[in-house]
Amino acid sequence: MLLLCCLLLIASQKSGSNCMQRESAGAIAAVDLFAGCGGMSLGFEKAGFDVKAAFDNWLPAIKVYRKNFKHPMFEQDLSDSVESAKLVSKYSPTVIFGGPPCQDFSTAGFQDETRGRAILSVSFAKIIATVKPQWFVMENVATIRNTKSFQRACAVYREAGYGLTCKVLNASLCGVPQVRKRMFVIGGLGEHDDFLTNELEKHLADKPMTIRDYLGNSLGIDYYFRVPTNYSRRGVFSIDEPSMTIRAVDRPIPPGYRGNPKDSAPVSEVRVLTPKERSYIQTFPKDFAFEGGKSDVNTMIGNAVPVNLAKYVATALMYISNRCERKANQSEGHRSIRRMRWHVLGL
């Protein structure tokens, strides 16, 4: 009996050590699709994922990505889902994440999914269904949920065996000083729907993060100008509130803007934010290097997934992934103990 107890204890300890090795050894392999300049990649890396490779088809953003990351970035037309899946499969990713271009159904864009780029969300889904990673994350504008492309993509995911969590997150509640609502679709092979909802919701902040909360007084200003979509809306904002959504355009104060009753300060006393300052509000670190023309830089900054928003989602996924691994190790440990008991008893 003493020998049996010792052997069972050894088996139990071995089972527990497997879990610890899984969590601390190699990070989970991931691949970024439609990576842009790298906001989502950086967020996933900060959450502990090992980003093996990235893919995009816009050269200005590719150059910036390569300047800031050591792993390979490939120029690839991701609308070709068959060829893209072959390339991605070489990295055997456990997770694939990405944000297909959203301009065709963005409220700041054309709101017309027939223009061509909306179909890229379906291409993303087809790549997922072919490569079959354990998990995937797709980011897009909140309004994507009203589109046929979104319904088609979800159908592809479900047919491939994924349970889906579809959640609109406000970046200002996820460590980003910006009101930016984005849809995240997180899939898990063999999972039930809404498997990540609780983990995504329980860590949301109680109140929106302001620019001053995040950057303190480092900008050297209390107010700034952002060109409104029309002059019936205000253009002057305080850093003691979250920024409005950082867009892919950056314009100077127009001569025709005379002020708005809701402006936080006189327009004559403020300035616009620089592209670098706008990248801070997207939570890129100060040492993240941008290059290229001003228009291109503004586009890649505005189109990026905020780093901290990506980290928020990735952290929730990492927790679920580790929990699944722990359960698997515990089950294997129990099986090992039963086998050891049978062996000792001669059964």
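A.B. asks: Would you mind going over the overall build of the protein with me for this structure?
C.D. replies: Counting its secondary structure elements, the protein contains 11 helices and 9 strands. Going through the 347 residues of the protein one by one, you find that 49% of them count as buried. Taking as baseline every contact in the protein between residues at least 6 positions apart, the subset at least 24 positions apart corresponds to 67%. Counting only carbon and sulfur atoms, one obtains 52% of the accessible surface of the protein, whose full area is about 16600 Å².

A.B. asks: Could you clarify how one ought to interpret the packing of helix α5 (residues 120-131) against helix α6 (residues 148-159) in this entry?
C.D. replies: Between two packed helices, what matters for the description is the angle formed by their axes and the separation of those axes. α6 packs onto α5 with a crossing angle of 5 degrees between their chain directions and a minimal axis gap of 8 Å. Compared by their axis directions, α5 and α6 come out roughly parallel. Residues S121, V122, F124, A125, K126, I128 and A129 of α5 form the contact with α6, whose participating residues are S149, R152, A153, V156 and Y157. By residue class, the composition of the contact of α5 with α6 is 8 nonpolar, 2 polar and 2 charged.

A.B. asks: Sorry if this is basic, but what is going on with helix α3 (residues 59-68) here?
C.D. replies: Helical periodicity: at 3.6 residues per turn, an α-helix aligns residues three or four positions apart in one direction. Every buried residue of α3 is listed here: A61, I62, V64 and Y65. Buried residues of α3, seen end-on, are gathered within an arc of 165 degrees and therefore sit on one face of the element. The elements touched by buried residues of α3 are β1 (29-33), α2 (39-46), β2 (50-56), β3 (73-75) and α10 (294-303).

A.B. asks: Can you help me understand the nonpolar core in this one?
C.D. replies: Among soluble globular proteins, nonpolar side chains are generally buried collectively. Counting 58 residues, the largest nonpolar core has F44, F49, V95, V137, F184, I186 and F290 as the members making the most contacts within it. Once residues lying within four places of it in the same chain are set aside, the contact partners of V95 are I28, A29, A30, V31, F44, F49, P133, W135 and L317. A85, I127, I144 and Y162 belong to the second largest nonpolar core, which has 27 residues in total.

A.B. asks: Just to check I follow, could you spell out the side chain of K167 for this structure?
C.D. replies: Inspection of the secondary structure assignment puts K167 in strand β6 (residues 162-170). The exposure class of K167 is buried, given its relative accessible area of 18%. Polar contacts involving the side chain of K167 include one to the side chain of E201, which spans 2.7 Å. Other than its neighbours up to four places away in sequence, K167 contacts R182, M183, F184, L200 and E201.

A.B. asks: What should I look at first to understand the environment of L87 in this one?
C.D. replies: Its place among the elements puts L87 in helix α4 (residues 81-89). Through-space distance from the C-alpha of L87 to that of V131 is 9.7 Å; in sequence the pair is 44 residues apart. With near-sequence residues (within four places) excluded, L87 lies in contact with F55 and Q76.

A.B. asks: I'm lost on the pattern of salt bridges in this one. Help?
C.D. replies: Pairing between side chains of opposite charge can happen when their charged atoms approach one another. Applying the stated criterion across every chain yields a total of 12 salt bridges. Bridged by salt links that share partners, the residues R212, D222 and D240 form one connected network.

Scoring rules and cut-offs
- Within each chain, residue numbers correspond to sequence positions counted from 1 in written order.
- Two thresholds apply to this predicted model, a pLDDT of at least 70 for residue-level local features and 80 or more for giving and counting side-chain atom pairs, whereas whole-chain, interface and lining totals are computed over all residues.
- Just so you know, side-chain values use all the structure's heavy atoms and leave hydrogens and water out.
- Starting at the N terminus, helices and strands are each numbered in turn, a helix being any DSSP run of H or I of at least four residues and a strand any DSSP run of E of at least two.
- Residue exposure (1.4 Å probe, protein chains only): buried if accessible area is under 20% of the type maximum, exposed if over 50%, otherwise partly exposed.
- Should any heavy atoms of two residues lie within 4.5 Å, those residues are considered in contact.
- Using a 1.4 Å probe, accessible areas were evaluated by the Shrake-Rupley method; residue-level cover was limited to the displayed protein chains.
- Orientation is described by lines fitted to C-alpha atoms, with helices fitted over the stretch in contact, and by angles between N-to-C directions that extend from 0 to 180 degrees.
- For classification, angles of less than 35 degrees are called roughly parallel, those exceeding 145 degrees roughly antiparallel, those between 65 and 115 degrees roughly perpendicular, and all remaining angles oblique.
- Under this grouping Gly is polar, as are all residues other than the nonpolar Ala, Val, Leu, Ile, Met, Phe, Trp, Tyr, Cys and Pro and the charged Asp, Glu, Lys and Arg.
- Arc definition: it is the arc formed by the directions from the helix axis to the C-beta atoms.
- Take the buried residues of types Ala, Val, Leu, Ile, Met, Phe, Trp, Tyr and Cys, join any two whose side-chain atoms come within 4.5 Å, and each joined set is a nonpolar core.
- Polar contacts, as used here, are pairs of N or O atoms within 3.5 Å; protein pairs need one atom able to donate a hydrogen and one able to accept it. Residues neighboring in sequence count only if both atoms are side-chain atoms.
- By convention in these notes, a salt bridge is any Lys or Arg side-chain nitrogen within 4 Å of a carboxyl oxygen on Asp or Glu.

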